[in-house]
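Examination of the molecular architecture
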Amino acid sequence: MEARRWLLSRHVARRQGDMISWVWHCLFHTTVEQLKKTPAEQRWLSRQLRDPYVKSARQQNFRCRSAFKLLEIDEKHNILKPGNSVIDCGAAPGAWSQVAVDRVNATGFDPDAPVGFVVGVDLLHIPPLDGAVFLPHSDLLEPTVQARIQESLPTGMAQVILSDMAPNASGIRELDQQRLAELCLCVVGLARKVLSPGGTLLCKFWDGTNSRIIQKRLTELFRDVKTLKPAASRKESSEIYFLAKHYRTS
Ligand SMILES: C[S@@+](CC[C@H](N)C(=O)[O-])C[C@H]1O[C@@H](n2cnc3c(N)ncnc32)[C@H](O)[C@@H]1O
């Protein structure tokens, strides 16, 4: 009898112990998970949790917060118009393409309303989006990829080229800037092949020594070149955007 009571009390104690550790786990799960992360991951996570644009992106069904950068630029500078063909370079996960699809296709029931076209390209997978054609797992630096973009355009020409491309950060500032400069020059090269006269190019860059080289190149090719820092672009980031309008053919 004594032995049975002892066994029972040990069983109850174990169950209570399990319960306590389960409650402990539920209460502190997030904290423990956070502790497992590296300091950089923790900083990223707490920044994401505090970021109002992350919250708004979730509420408005945008794939990521960067949508608000393009929305702000377009509201101020009116670059995306109904009927435009748009190339979105570095499109994954697809938030800029969401904005572009919405802006280039006029809403309403008018059968004659202009219909736009959006093609997005990225090294990564891009989840499908109604109204956009995507070329995932594709490197814009490859001439064959640029040829596929051109083939996909209804008239072989685009009125707007967007680039939010960024290389994977190596942590070495100069190297990363050099890589982004290469990507920007590649976008400029694409513009020379497919941009309609009068067309627009919007290109992300990290402000620094190379930015003058890119700006100079753009000024040679476009009548109006501006440097923009949208509100949704983090203040601590050196990210800027070149907005080049009125592409000149000669
Ligand atoms: C900041 S994200 C773009 C976010 C996107 N604008 C959006 O709103 O969803 C930058 C993207 O550039 C892409 N990228 C970098 N180098 C590239 C290259 N050579 N060709 C194509 N995409 C590239 C990256 O894979 C990454 O997905």
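Residue numbers restart at each chain and count upward from 1, following the sequence in its written direction. Confidence filtering applies because this is a predicted model: local features only for residues at pLDDT of at least 70, side-chain atom pairs given and counted only at 80 or more, and all residues used for totals across whole chains, interfaces and linings. Side-chain descriptors were evaluated using all non-hydrogen atoms of the structure, hydrogens and water having been removed beforehand.

Topic: the environment of Ala181
For the record, the criterion: Helix and strand assignments come from DSSP, with helices taken as H or I runs of at least 4 residues and strands as E runs of at least 2, each series counted from the N terminus. A contact between two residues is defined here by any heavy atoms of the two lying within 4.5 Å.
Relative to the assigned elements, Ala181 resides in helix H7 (residues 173-194). Sequence-wise, Ala181 and Ala166 are 15 residues apart; in three dimensions their C-alpha atoms are separated by 9.7 Å. When sequence neighbours within four positions are dropped, the list of residues in contact with Ala181 reads Phe205, Asn210 and Ile214.

Thoughts on the site of the ligand
Rule in force here: Distances are taken per atom, and a residue is near a molecule or strand as soon as one of its heavy atoms is within 4 Å of it. Pairs of N or O atoms are called polar contacts if they sit within 3.5 Å, as long as, within protein, a hydrogen donor faces a hydrogen acceptor (for residues adjacent in sequence, only side-chain-to-side-chain pairs). Accessibility throughout is a Shrake-Rupley quantity obtained with a 1.4 Å probe, and a residue counts as covered only by protein chains that appear here. A 1.4 Å probe that fits into a set of points on a 1 Å grid over the protein atoms alone but cannot get out defines a cavity; an open set with protein on both sides within 12 Å along at least five of seven lines defines a pocket, and lining residues are those with an atom within 4 Å of a point. A cavity or pocket is said to hold a molecule if more than half of that molecule's atoms lie within 2 Å of its grid points. Gly is placed with the polar residues, together with every amino acid not listed as nonpolar (Ala, Val, Leu, Ile, Met, Phe, Trp, Tyr, Cys and Pro) or charged (Asp, Glu, Lys and Arg).
In the vicinity of the ligand lie 20 residues, with Ser66, Ala95, Asp122, Asp139 and Asp164 positioned nearest. A distance of 3.3 Å is found between an oxygen atom of the ligand and a backbone nitrogen or oxygen belonging to Pro93. Look at the ligand: alone it shows 610 Å² of surface, and the protein chains cover 87% of it. Among the cavities detected, the one that contains the ligand is the largest pocket. Tallied by class, the residues present in the shell around the ligand amount to 12 nonpolar, 4 polar and 4 charged.

A look at the packing of H7 against helix H8 (residues 211-221)
Applied cut-off: To obtain each axis, a line is fitted to C-alpha atoms, and for helices this fit is confined to the stretch in contact; angles are then taken between N-to-C directions over 0 to 180 degrees. What sets the label is the angle itself: under 35 degrees gives roughly parallel, over 145 gives roughly antiparallel, 65 to 115 gives roughly perpendicular, and the rest give oblique.
The N-to-C vectors of H7 and H8 enclose an angle of 10°; their axes lie 11 Å apart at closest approach. Here H8 runs roughly parallel to H7, going by the angle between their axes. Contacts between H7 and H8 involve Ala181, Cys184, Leu185, Val188 and Arg192 from the first element and Ile214, Arg217, Leu218 and Leu221 from the second.

Here we look at the UniProt feature "domain: Ribosomal RNA methyltransferase FtsJ" (unreviewed entry) in the chain
Defined as follows: UniProt positions are given in the numbering used here, feature names are shortened, and annotations may be inferred rather than shown by experiment.
Summarizing the sequence annotation, UniProt attributes the feature "domain: Ribosomal RNA methyltransferase FtsJ" (unreviewed entry) to residues 62-246 in the numbering used throughout. The span residues 62-246 is 35% helix and 25% strand, and its two end C-alpha atoms sit 29 Å from each other.

Re the layout of surface pockets
To keep things clear, this is the line we draw: Grid points are joined across faces, edges and corners, and a volume is the space filled by probe spheres set on the points.
The space that makes up the largest pocket amounts to roughly 1,600 Å³. When residues of the lining of the largest pocket are traced back to their parent elements, those giving at least two are helix H2 (39-50), helix H3 (52-59), helix H5 (95-104), H7 and strand E5 (195-206). Among the elements that take part in the lining of the largest pocket, H7 stands out by supplying 6 residues, more than any other. Tallied by class, the residues present in the lining of the largest pocket amount to 21 nonpolar, 10 polar and 16 charged.

What about the packing of aromatic side chains?
Stated formally: Only centres within 6.5 Å qualify two rings of Phe, Tyr or Trp (six-membered ring in Trp) as a pair; their planes then separate them into stacked at under 30 degrees, edge-to-face at over 60, and tilted for everything else.
Overall, the coordinates contain 5 aromatic pairs when judged by the stated rule. Within the aromatic cluster, the residues linked to one another by ring pairs are Tyr53, Phe62 and Phe68.

A few points about unusual backbone geometry
Stated formally: Each residue's exposure class comes from its accessible area (1.4 Å probe, protein chains only) as a fraction of the maximum for that residue type: buried when under 20%, exposed when over 50%, partly exposed otherwise.
The step from Ala92 to Pro93 runs through a cis peptide bond, and the omega angle for that step is 0°. The residue Pro93 is located in the loop between strand E1 (85-89) and H5 in this model. Look at Asn78: it is not a glycine, yet its phi comes out positive at around 50°. Secondary-structure assignment places Asn78 in the loop between helix H4 (67-77) and E1. The phi dihedral of His246 falls on the positive side, at around 65°, and the residue is not glycine. Along the polypeptide, His246 turns up in strand E7 (residues 239-247). Relative accessible area serves as the criterion here: at 35%, His246 is assigned to the partly exposed category.

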